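Below, each chain spelled out in residue letters.
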Amino acid sequence: MSRSRKRPVADAGTAGAEAGRNRTVVELAGLRRRLASMLYESMLLMGVLALTFLVPYLMLGVGLGIAPPGWLAWLHIFLVLGFYFVWYWRRNGQTLAMQTWRLKVVDAGTGLNPDAKRAWLRYVFCWPSLLCLGAGLIWAVFDRDRQFLHDRLAGTRVVLLPGQPNK
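Computed from a predicted structure; not experimentally measured.

About the cut-offs
Residues numbered from 1 in each chain as written. Predicted model: local features only at pLDDT ≥ 70, side-chain atom pairs only at ≥ 80, totals over all residues. Heavy atoms only, no water. Helix = DSSP H or I, 4+ residues; strand = E, 2+ residues; numbered from the N terminus. Expected span 1.5 Å × (residues − 1). Bend = angle between axes of the 7 residues up to and from the residue. Contact = heavy atoms within 4.5 Å. Phe/Tyr/Trp six-rings, centres within 6.5 Å; stacked < 30°, edge-to-face > 60°. Buried < 20%, exposed > 50% of the residue type's maximum accessible area, 1.4 Å probe, protein only. Lys NZ or Arg CZ within 6 Å of the ring centre and 35° of its normal. Core = buried A, V, L, I, M, F, W, Y, C linked by side-chain atoms within 4.5 Å. Salt bridge = Lys/Arg side-chain N within 4 Å of Asp/Glu carboxyl O.

Draft legend 1. Spotlight on helix H2 (residues 31-64). With 34 residues, H2 should reach 50 Å at 1.5 Å per residue; the first-to-last C-alpha distance of 46 Å fits that figure. At Ala50, H2 shows its maximal kink, close to 45 degrees. Each element contacted by the buried residues of H2 is listed here: helix H3 (70-92), helix H4 (96-100), strand S3 (103-107), helix H6 (135-142) and strand S4 (156-160). Looking one or two residues beyond H2, the residue adopting positive phi is Gly65, at roughly 70 degrees.

Right, here's the structure in full:
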């Protein structure tokens, strides 16, 4: 039983009613590639969190003797990571790790970069998807397009970008 992974997505260079007529066929990203990208992303996030979380908390703790409550630390991490992901997804549909693995998050309906609402939805939905023993990731094994549960719920897709031609 083979599944077609190529789906029509509106061409990002067209607008309005023309987008419905000029559709480009893209390949949905494979599960292994997306999982490898997530592993790489987790390593990159260590640097992001070191700069935006560890340094300020060290300065507060050592310099001023202030220890913020645990809930504030978790809220800080949640927001820092949220702004990181949403900014990259809105800007060009890719985080740094996704660029390396030639992956892109697109709106499932239009094929364009997700808007702010859709990007925040994807980010918020990915937390339970990961923290519930990876249930939202396991969902991809049974999904008809092999998409994660948070992508289904947020109305996004992860597509594979074409490779660079050999020179």
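There is more to say after this.
Draft legend 2. Region of the structure containing the packing of aromatic side chains. Going through the model one piece at a time under the given rule, you end up with eleven aromatic pairs. Ring plane angle 45 degrees and centroid distance 6.0 Å describe the contact between Phe78 and Trp127, whose orientation is recorded as tilted. Taken together, the residues Phe78 in helix H3 and Trp127 in helix H5 (residues 116-131) connect sequence positions 49 residues apart. With a relative accessible area of 28%, Phe78 lands in the partly exposed category. Ring pairing ties together the aromatic residues Phe78, Phe83, Tyr84, Phe85, Trp87, Tyr88, Trp89, Trp120, Tyr123 and Trp127, which thus form one cluster. Taking NZ or CZ as reference, Arg34 lies 4.4 Å from the ring centre of Phe148, over its face. Directly above the aromatic system of Trp89 lies the positively charged group of Arg122, at a separation of 4.7 Å from the ring centroid.

Draft legend 3. Geometry of the nonpolar core. With 20 residues, the main nonpolar core has Leu81, Phe85, Trp89, Met98, Leu103, Tyr123 and Val158 as its most contacted residues. Where this core is concerned, the elements lending two or more residues are H2, H3, S3, H5 and S4. With eight residues, H3 is the largest single contributor of residues to this core. The residues touching Phe85, leaving out its near neighbours within four places in the chain, are Glu41, Leu45, Thr95 and Tyr123.

Draft legend 4. The arrangement of the pattern of salt bridges in detail. By the definition in use, this model includes six salt bridges. Among the salt bridges present, the one from Arg152 reaches Asp145, with a minimum N-O distance of 3.2 Å. Residue Asp145 is classed as buried on the basis of its relative accessible area, which comes to 3%. Between Asp145 and Arg157 there is a salt bridge, with the nearest N and O atoms lying 3.5 Å from each other. One end of the pair, Asp145, is in the loop between H6 and helix H7 (149-154); the other, Arg157, is in strand S4, and twelve residues separate them in sequence. Put simply, Asp143, Arg144, Asp145, Arg152 and Arg157 are held in one network by salt bridges that share partners.

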